[in-house]
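Chain by chain, the residues:
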Amino acid sequence: MTTYAEPTTATALDIVREPGKPVVVRTPAFGSMTEAAAWLDGQRDAVRAELHRSGAVLLRGLPVTDAADFARARDSLIRERAGYKEKATPRTDFGEGVFSSTDLPAVQPIRLHNENSYTLDFPGVLLFGCVTAPAEGGATTVGDMREALRLLPPELAERFARAGWLLVRNYSELAGLPWYKTFATEDKSVAEAYCRENTVGYEWLDDDSMRTTQRRSAIVTHPVTGEKVWFNHFAFWNSRTLDEDVREVLLETYGEDGLPFSTYLGDGTPLTDAEVDLVNEVYDRVTVRETWQRGDLMLVDNVLCAHGREAYAGDRKILVAMGEPVSLADCSPETAPSTARHGE
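Going through the model one piece at a time under the given rule, you end up with 11 aromatic pairs. Ring centres of Phe160 and Trp230 lie 5.0 Å apart, and the angle between their planes is 90 degrees; on these two criteria the pair is classed as edge-to-face. Of this pair, Phe160 sits in helix α4 (residues 154-163) while Trp230 sits in strand β15 (residues 228-230), placing them 70 residues apart in sequence. The pair formed by Phe160 and Trp230 is uniform in burial state, with each residue classed as buried. Here the aromatic rings of Phe183 and Tyr194 are separated by 5.5 Å at their centres, their planes lie at 55 degrees, and the arrangement is tilted. Of this pair, Phe183 sits in the loop between α5 (179-182) and α6 (188-197) while Tyr194 sits in helix α6, placing them 11 residues apart in sequence. In terms of burial, Phe183 and Tyr194 fall into one category: buried. What links up through ring pairs into an aromatic cluster is the set Tyr118, Phe236, Trp237 and Phe261. Above the face of the Tyr84 ring, Arg91 is positioned so that its terminal group lies 4.6 Å from the ring centre. Seen from the ring of Trp204, Lys188 lies directly overhead, with NZ or CZ sitting 4.6 Å from the centre.

Written out as structure tokens, the structure reads:
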């Protein structure tokens, strides 16, 4: 373990770097959240510089005890809020742009992914905060997507660079989310207008459900650092990644064309099981984790770094806020967004 202080224009950041864990900044002891917020205001540039180096920074020692404290810290570290578009998972809304991280069952781990990688603009920064630490497990895992791109076989990376990745979603009351929750409207014409404006192909099915198709770039360039990164939900939503029992039930119930989420190479070609496994192995190799402690904050650069969640036991309350929206157009996508497969 290496621990040292890096000078800044304010005070020094006490940084701990340890293999297998995200960078940890140990903060001074504060008597109130007001003092802590003032310190965060002064250290914002130093923390952001470290964020661009490491992709994720965990701040430890802050008196963050509830959603109000978390929102104050968010306002010190993130200047512009970002919305949550094309919703894919259930969350609790605590107001003021503060949400639960994800309300999925505790036994269900969540693989690494970049938030909203399938939209035309997405949060540039995520902030997670621990109000209640679980008794066991439950780390918010993170992984450097610069390194992930370097670890992918060049031939496979080139195929994705050329064709992008394709996402097909089926909206249902029983699996995933229904369309009116994803698009936050019960008016079909509003949902259709959103799809047209955001390069999402759509069709209405016989049972009043909806299917959408969107092709996006699998590789983008960070708008500040200029580094290329692996940026997508391809493996995350690929049926091969599902637990085998869950996959069998979904396929038996909905069929290959009716799964809540399906992903392909951008030309519509499904990758082999071995190729999907290889992508997931790369994610496993770059994953780092740190056990949550109450009051911890973790700032994540959503382009440089993917995030996920371990399964856990006991109560767990992790808050999240999204900020500093980034346009896909500013990230030099290798593949232009489209409603159709590459080559059509």
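Before going further, it helps to spend a moment on the pairing of strand β12 (residues 201-204). By the bridge criterion, four bridges tie β12 to strand β13 (residues 210-216) in an arrangement that is antiparallel. When the bridges of β13 are listed, Glu203 appears paired with Arg211. Here β12 hands over to β13 after five residues, with Asp208 in that stretch at a positive phi of 70 degrees.

Attention now goes to the packing of helix α1 (residues 33-54) against helix α2 (residues 67-77). Running from N to C, α1 and α2 point in directions that differ by 35 degrees, and their axes come no closer than 8 Å. The handedness of the crossing between α1 and α2 is right-handed. Facing Met33, Thr34, Ala37, Leu40, Asp41, Arg44, Val47 and Arg48 of α1, the residues of α2 in contact are Asp69, Arg72, Ala73, Ser76 and Leu77. Residues of the contact of α1 with α2, tallied by class, amount to six nonpolar, two polar and five charged.

Reading the values: the criteria
- Residues numbered from 1 in each chain as written.
- Predicted model: local features only at pLDDT ≥ 70, side-chain atom pairs only at ≥ 80, totals over all residues.
- Heavy atoms only, no water.
- Phe/Tyr/Trp six-rings, centres within 6.5 Å; stacked < 30°, edge-to-face > 60°.
- Helix = DSSP H or I, 4+ residues; strand = E, 2+ residues; numbered from the N terminus.
- Buried < 20%, exposed > 50% of the residue type's maximum accessible area, 1.4 Å probe, protein only.
- Lys NZ or Arg CZ within 6 Å of the ring centre and 35° of its normal.
- Pairing = 2+ DSSP bridges.
- Axes fitted to C-alpha atoms, helices over the stretch in contact; angles between N-to-C directions.
- Left-handed = near helix turned anticlockwise from the far one by under 90°.
- Contact = heavy atoms within 4.5 Å.
- Nonpolar A, V, L, I, M, F, W, Y, C, P; charged D, E, K, R; others polar.

The values are spatial; any link to function lies outside them.
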